[in-house]
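# Topology and contacts: notes
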Amino acid sequence: MKHLIAVTFFLVSFNLFAQKPCDYSANVNDSIGTYKSTKEYMISEKNFAGNSSYIFYSLALTDGLPTLTVQSINKSKGFLKANCFDKNSKLFLQLNNGKIITLIHIDQENCGTMIRDEKGFDNRVNSGIFMFMKDSFEELKNSPVFMMRIKYLTDTEDYVFKKEFKSELTSEIYFPENYFIDNLKCIE
């Protein structure tokens, strides 16, 4: 019986402490300050009727200020509308526990960049940097995200998060619901 308890304790302990290591795209500490940023992670992918859209997250810590970078990429042979970020833009995260977390966009207007690829597709790439409100970390570390709403300058878009999905673009499996649970530790 003692062996069974010891083996059970070992397996439970192993699972609790087996966290994924942080994967950084930048980690700089010099006389000017500190900056670390996680690699981009796909949160949403939509492909329908020749149109594609992708949303990526990246967390950053700049001299102690945590931020979330949201990058959207839209691809189409037809018209692509410009969704602009401005000082009034916000990102709302509805958690599975019912709470809503609000992130505020930095005071920088950005409507993205249009790029035409070799296959004749127009690609609009847009990035926005959002600041976390005080005391929102604990909620994000403890509850999966159910839905995201982005308030742009002239429009609002909703994204329902999946528990997991396999990307058609990268063939990798992503877990968007648990992005903050798995990655906030990387910028604390």
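The following paragraphs examine the structure supplied in this document. (Residues numbered from 1 in each chain as written. Predicted model: local features only at pLDDT ≥ 70, side-chain atom pairs only at ≥ 80, totals over all residues. Heavy atoms only, no water.)

### Concerning the overall build of the protein
Helix and strand content of the protein: three helices and 13 strands. Counting every position in the protein, which comprises 188 residues, the buried fraction comes to 37%. At a minimum sequence separation of 6, the contacts of the protein that also span at least 24 residues come to 57%. In the structure as shown, the protein presents an accessible area of about 11,500 Å², 56% of it carried by carbon and sulfur atoms. (Helix = DSSP H or I, 4+ residues; strand = E, 2+ residues; numbered from the N terminus. Buried < 20%, exposed > 50% of the residue type's maximum accessible area, 1.4 Å probe, protein only. Contact = heavy atoms within 4.5 Å. Areas by Shrake-Rupley, 256 points an atom, 1.4 Å probe, with all protein chains shown as cover.)

### What to know about the nonpolar core
Generally speaking, soluble globular proteins have nonpolar side chains that are buried together. One finds Tyr57, Leu68, Leu91, Leu93 and Phe180 to be the most contacted residues of the largest nonpolar core, which totals 33 residues. The element best represented in this core is strand β4 (residues 51–62), accounting for six residues. Ignoring any residue separated from it by four or fewer positions in sequence, one finds Leu68 in contact with Tyr57, Ser58, Leu59, Leu91, Leu103, Gly128, Ile129, Phe130, Phe132, Tyr179 and Phe180. (Core = buried A, V, L, I, M, F, W, Y, C linked by side-chain atoms within 4.5 Å.)

### Here we look at the environment of Leu140
Here Leu140 lies in helix α2 (residues 137–142). In this structure, the C-alpha to C-alpha distance between Leu140 and Leu95, residues 45 residues apart in sequence, is 7.7 Å. Beyond its immediate sequence surroundings of up to four residues, Leu140 is in contact with Leu93, Leu95, Ile101, Phe132, Val145, Phe180, Ile181 and Leu184.

### Observations concerning empty space enclosed by the protein
By rolling a water-sized probe across the atoms, one finds the places where empty space is left. Taken as a whole and judged by the stated rule, the model has two cavities of 30 Å³ or more. Here the largest cavity is characterised by a volume of approximately 50 Å³. Around the largest cavity, the lining residues are Ser72, Asn74, Lys81, Ala82, Asn83, Arg124, Asn126 and Tyr152. Mapped by element, the contributors of at least two residues to the lining of the largest cavity are β5 (65–76) and β9 (122–132). Here the lining of the largest cavity is composed, by residue class, of two nonpolar, four polar and two charged. Taken as a whole, the second largest cavity holds about 30 Å³ of empty space. Lining the second largest cavity are Lys20, Tyr41, Phe175, Tyr179, Asp182 and Asn183. Looking at the lining of the second largest cavity residue by residue, the class counts come to three nonpolar, one polar and two charged. (1 Å grid on protein atoms, 1.4 Å probe; cavity = no way out; pocket = protein on both sides within 12 Å on 5 of 7 lines; lining within 4 Å. Points joined across faces, edges and corners; volume = space filled by probe spheres on them. Nonpolar A, V, L, I, M, F, W, Y, C, P; charged D, E, K, R; others polar.)

### Thoughts on unusual backbone geometry
For Ala49, which is not glycine, the phi dihedral falls at a positive 50°. With respect to the helices and strands, the residue Ala49 is situated in the loop between β3 (41–48) and β4. A positive phi angle is found at Asp63, which is not glycine, with a value near 50°. Considering the arrangement of structural elements, one finds Asp63 in the loop between β4 and β5.

Remember, this is a structural readout, not a statement about activity or role.
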